[in-house]
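If you want the building blocks of each chain, they are given just below.
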Amino acid sequence: KMESFLRRLSLHKNHIESKLSTGVKHIEINEAERTNNTSSSWSGFHKKSILERIEMLKKIHPTLSEEVLISGGLSIDKANMMIENCIGIVQLPLGLGLNFEINGEKYTIPMAVEEPSVVAAASSAAKFISEKGGGFKTFSTAPIMIAQIQIIGVNYDIVRYTLEQKKKDIIVEANSH
């Protein structure tokens, strides 16, 4: 099964590479679609061929590299520099989560998943939430950090007293950075 899958994957990649070298029909995207990222911009995206999708993305992002999208763009040497104890690279299909509205801004979200229907379900839910509920609303609290200070080889009573006397100044200084 694995050999058959890898053979089909290799044939698919070769087919795409041959199409890229011969060119593909260009898809027109008007300026409003390029800047607004509306759901109508992506209407029928799932029905387009991979090459047509890439061409559509290139209209929005002219510096997009087709080769990186198709090959994965990550060499084992780069992967080894990115994480500790690297032993290989796992390739996953890369799709686009469409129709996301987050805090009033439109987003198209890259999603690398192996499970069928995840991207479609996320896009469908995002469209529904955007149209019916005004999109996703997010917030976060301010970062809260604590620290410990270790002081050795001193008179602890004097250090404790000094730290208590200077506590407010220490906190102000720490929060200013």
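It should be emphasised that the depicted structure is a prediction, and the values quoted were computed from it without experimental measurement. (Residues numbered from 1 in each chain as written. Predicted model: local features only at pLDDT ≥ 70, side-chain atom pairs only at ≥ 80, totals over all residues. Heavy atoms only, no water.)

K.L.:
Can you walk me through helix α7 (residues 156-175) in this structure?
P.N.:
Two residues of an α-helix separated by three or four positions point the same way, owing to the 3.6 residues in each turn. Most pronounced at K166, the bend in α7 amounts to some 65°. A small share of α7 lies buried, amounting to 1 of its 20 residues. (Bend = angle between axes of the 7 residues up to and from the residue. Helix = DSSP H or I, 4+ residues; strand = E, 2+ residues; numbered from the N terminus. Buried < 20%, exposed > 50% of the residue type's maximum accessible area, 1.4 Å probe, protein only.)

K.L.:
Explanation requested: the pairing of strand β2 (residues 105-112) in the structure shown.
P.N.:
Looking down a regular strand, the side chains alternate between one sheet face and the other. With 7 bridges connecting them, strand β1 (residues 94-102) and β2 associate as antiparallel partners. Counterpart to I102 in the pairing with β2 is E105. Connecting β1 to the next strand, β2, in antiparallel fashion are 2 residues, including N103 with a positive phi near 50°. (Pairing = 2+ DSSP bridges.)

K.L.:
When you look at the side chain of E101 in this model, what are you seeing that I'm missing?
P.N.:
Positionally, E101 belongs in strand β1. On the accessibility criterion, E101 (14% relative accessible area) is buried. In this structure the side chain of E101 is engaged in a polar contact, spanning 3.4 Å, whose partner is the side chain of K106. A polar contact of 2.9 Å, which involves the side chain of E101, links it to the side chain of S130. When near neighbours in sequence (up to four residues on either side) are disregarded, E101 contacts K106, S130, G134, G135 and F136. (Polar contact = N/O pair within 3.5 Å; in protein donor to acceptor, adjacent residues only side chain to side chain. Contact = heavy atoms within 4.5 Å.)

K.L.:
Help me out: how do you make sense of the packing of aromatic side chains in this one?
P.N.:
The final tally for this structure, using the stated rule, is 2 aromatic pairs. With centroids separated by 5.0 Å and ring planes inclined at 90°, the aromatic side chains of W42 and F45 adopt a geometry described as edge-to-face. A relative accessible area of 6% places W42 in the buried class. For F45, a relative accessible area of 7% puts it in the buried group. (Phe/Tyr/Trp six-rings, centres within 6.5 Å; stacked < 30°, edge-to-face > 60°.)

K.L.:
Looking at this model, I keep getting lost on the layout of surface pockets. Mind explaining?
P.N.:
Remark: the empty space left among the atoms is shown by a probe the size of a water molecule rolled over them. Counted as a void, the second largest pocket has a volume near 530 Å³. Around the second largest pocket, the lining comprises 16 residues; the ones closest to its centre are A147, I149, I170, I171 and A174. Classifying every residue of the lining of the second largest pocket by side-chain character gives 11 nonpolar, 3 polar and 2 charged. (1 Å grid on protein atoms, 1.4 Å probe; cavity = no way out; pocket = protein on both sides within 12 Å on 5 of 7 lines; lining within 4 Å. Points joined across faces, edges and corners; volume = space filled by probe spheres on them. Nonpolar A, V, L, I, M, F, W, Y, C, P; charged D, E, K, R; others polar.)

K.L.:
Just checking my understanding: could you explain the pattern of salt bridges for this structure?
P.N.:
Note that side chains of opposite charge can pair when their charged atoms are close. Overall, the coordinates contain 3 salt bridges when judged by the stated rule. Notably, a salt bridge pairs E66 with K58, separated by 3.3 Å at the nearest N-O pair. On the basis of relative accessible area, K58 is assigned to the partly exposed category, the value being 24%. The partner of E101 in a salt bridge is K106, and the shortest N-O contact between them spans 3.4 Å. (Salt bridge = Lys/Arg side-chain N within 4 Å of Asp/Glu carboxyl O.)

K.L.:
Sorry if this is basic, but what is going on with the environment of S130 here?
P.N.:
Its location among the elements puts S130 in helix α6 (residues 118-133). C-alpha separation for the pair S130 and I102, spaced 28 residues apart in sequence, amounts to 8.5 Å. Apart from residues no more than four positions distant in its own chain, S130 is found in contact with N99, E101, K106 and G135.

K.L.:
Would you mind going over the nonpolar core with me for this structure?
P.N.:
Buried together is how nonpolar side chains tend to be arranged in soluble globular proteins. Listed in full, the 7 residues of the largest apolar core are W42, F45, M56, L57, I60, L96 and L98. Looking at this core, the elements that each hand over two or more residues are α3 (50-60) and β1. Sorting elements by how many residues they give to this core places α3 first, with 3 residues. (Core = buried A, V, L, I, M, F, W, Y, C linked by side-chain atoms within 4.5 Å.)

That is the geometry; function is a separate question.
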